[in-house]
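Close look at the chain arrangement
What follows is the residue order along each chain.
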Amino acid sequence: MDAVVIGAGPAGWAAAGAWRAAGLSGELVAPDPDAPFTATYGAWEDELAPRWRSALEVVWPAVRVCSAKGGERRVERPYARFDNAKLAAQLRADAEGTRVEAGTAEAVEIDEGRLRVHLNGGRTRITDCVLDCSGASSALVRRETESEPAVQTALGRVIRRAGREETIPTLIDYPPMSSEGPASFGYVLPNPDGTVLVEETVLASRPAFPPEDLEARLALRSAALGVGAARGVCALSGLRPL
């Protein structure tokens, strides 16, 4: 086959769809190819082809950015968030005809000018191209052995609106919530159902920033923004090696 795509997130399915559109053969490999997309995916609306607008959940007319020194700027550019179920359905429809295999890629080696992909269970695939879209946990990534990788840490909560009414997203709220440790920033998205996603992120730190310390910063950020972290609906968190 022409290519093996590893991973079944938006990147993996988009790669499989592009391969099909070019008239090439391919296979998508992932532990759970039909797993739902769980991250939040946003984009500037003017960068999207018209066909993707049917997969959007909400479009805001502008966004807000706040600097570390307290300055605030409103950017008059429509920003959109995808409906994950619609996005997944469209990407998978684009890749229709792609062979799909439930499995895990464990290694890739050169074999007489082509690539041999080793999957779990002793299975192998011979291909001309491997596209690894499986993210930070990929078994194919070779990291430096002398030091641990830097890690992105994020913690968010979907909460009921309280206090200030949020009508547009805050993409970066950078005023520091602590003078100790690595810098972090806030991210706020008002949802159509009346809830608000508030997230605190440390982009990179070594070692990983403790989630309990990030929780404290998130509480401070939510209070500063007047959205009331005590009214939590659900929590989101993640640690991602870089």
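Residues numbered from 1 in each chain as written. Predicted model: local features only at pLDDT ≥ 70, side-chain atom pairs only at ≥ 80, totals over all residues. Heavy atoms only, no water.

A look at the overall build of the chain
The line we're drawing: Labels follow the DSSP assignment, with helices taken as runs of H or I lasting at least four residues and strands as runs of E lasting at least two, numbered in each case from the N terminus. Buried, partly exposed and exposed residues are distinguished by accessible area as a fraction of the type maximum, computed with a 1.4 Å probe on protein chains only: under 20%, between the cut-offs, and over 50%, respectively. Note on definitions: a residue-residue contact is assigned when non-hydrogen atoms from the two residues lie within 4.5 Å.
Counting secondary structure elements, the chain contains three helices and 17 strands. Considering the chain as a whole, with its 242 residues, one finds that 37% of them fall into the buried category. Contacts spanning at least 24 positions in sequence make up 66% of the contacts within the chain whose residues lie at least 6 apart.

Thoughts on the pattern of salt bridges
The test is simple: Throughout this description, the term salt bridge denotes a Lys or Arg side-chain nitrogen within 4 Å of a carboxyl oxygen of Asp or Glu.
Applying the stated criterion across every chain, the model contains 15 salt bridges. The salt bridge partner of Asp 111 is Arg 116, with a shortest N-O separation of 2.5 Å. Classification of Arg 116 as partly exposed rests on a relative accessible area of 23%. Linked by salt bridges that have partners in common, Glu 27, Arg 99, Glu 101, Arg 123 and Arg 125 make up one network.

Notes on the layout of surface pockets
Rules: Cavity and pocket criteria rest on a 1 Å grid covering protein atoms alone: a 1.4 Å probe that fits but cannot get out defines a cavity, protein on both sides within 12 Å along at least 5 of 7 lines defines an open pocket, and an atom within 4 Å of a point defines a lining residue. Grid points are joined across faces, edges and corners, and a volume is the space filled by probe spheres set on the points. All amino acids are sorted into three groups, where Ala, Val, Leu, Ile, Met, Phe, Trp, Tyr, Cys and Pro are nonpolar, Asp, Glu, Lys and Arg are charged, and the leftover types, Gly among them, are polar.
Looking at the second largest pocket, its volume works out to about 260 Å³. For the second largest pocket, the lining is made up of 17 residues, of which Thr 38, Ala 39, Thr 40, Glu 57 and Asn 84 are closest to its centre. Mapped onto the lining of the second largest pocket, the elements with two or more residues apiece are strand 7 (79–82) and helix 2 (84–94). In terms of residue count, helix 2 provides more of the lining of the second largest pocket than any other element does, four residues in total. Its residues assigned to classes, the lining of the second largest pocket shows ten nonpolar, four polar and three charged.

Side note on the sheet that holds strand 12 (residues 129–132)
Two strands in a sheet stick together by hydrogen bonds in their backbones, pointing the same way (parallel) or opposite ways (antiparallel). To keep it simple, the criterion reads: Any two strands between which DSSP finds at least two bridges are classified as paired. A fitted line through C-alpha atoms represents every axis, and for helices the fit uses only the stretch in contact; the resulting angles, taken between N-to-C directions, go from 0 to 180 degrees.
An order of 8-2-1-12 is seen for the four strands of this open sheet, with the pairing classed as parallel. Edge positions in the sheet fall to strand 8 (99–102) and strand 12, since each has one partner strand and no second. Adjacent strand axes in the sheet meet at a mean angle of 20° when their direction is disregarded. Pairing of strand 2 (residues 26–30) with strand 8, which is carried by four bridges, proceeds in the parallel orientation. In the strand pairing of strand 8, Ala 30 is matched with Ala 102.

Let's talk about the nonpolar core
Selection criterion: Buried Ala, Val, Leu, Ile, Met, Phe, Trp, Tyr and Cys residues that are joined via side-chain atoms within 4.5 Å together make up what is termed a nonpolar core.
Judged by nonpolar contacts, the single largest core of 19 residues is most densely connected at Trp 13, Leu 28 and Phe 82. Within the residue set of this core, elements represented by two or more residues are helix 1 (10–21), strand 2, strand 7 and helix 2. Contact partners of Leu 28, with chain neighbours within four places excluded, come to Val 5, Gly 7, Ala 8, Gly 12, Trp 13, Ala 16, Pro 33, Thr 98, Arg 99, Val 100 and Glu 101. With eleven residues, the next largest nonpolar core counts Val 196, Val 202, Phe 209 and Leu 218 among its residues.

Looking at the environment of Glu 215
What counts, and what does not: Throughout this description, a polar contact denotes any pair of N or O atoms lying within 3.5 Å of each other; where both atoms belong to protein, one of them has to be capable of donating a hydrogen while the other can accept it, and for residues adjacent in sequence the pair is counted only when both atoms sit in side chains.
Here Glu 215 lies in helix 3 (residues 211–225). We classify Glu 215 as partly exposed; its relative accessible area is 29%. Setting aside chain neighbours within four positions, we find Glu 215 in contact with Leu 155 and Arg 157. Within polar-contact distance, the side chain of Glu 215 engages the side chain of Arg 157 at 2.8 Å.

Side note on the sheet that holds strand 11 (residues 124–127)
Read across the open sheet, the three strands follow the order 9-10-11; overall the sheet is antiparallel. Looking at which strands have only one partner, the edges of the open sheet turn out to be strand 9 (105–111) and strand 11. Neighbour to neighbour, the strand axes of the sheet diverge by 20° on average, direction disregarded. Inspection of the sheet shows strand 10 (residues 114–119) paired to strand 11 by four bridges, in the antiparallel sense. When the bridges of strand 11 are listed, Leu 115 appears paired with Thr 127.

Re the pairing of strand 6 (residues 72–75)
Sheet topology places strand 5 (residues 63–66) next to strand 6; four bridges connect them, and they run antiparallel. Looking across to strand 6, one finds that Val 65 is bridged to Arg 73. Where strand 5 folds back on strand 6, the antiparallel hairpin that results is connected by five residues, among which Gly 70 adopts a positive phi of roughly 95°.

Any functional reading would require information beyond the geometric quantities listed.
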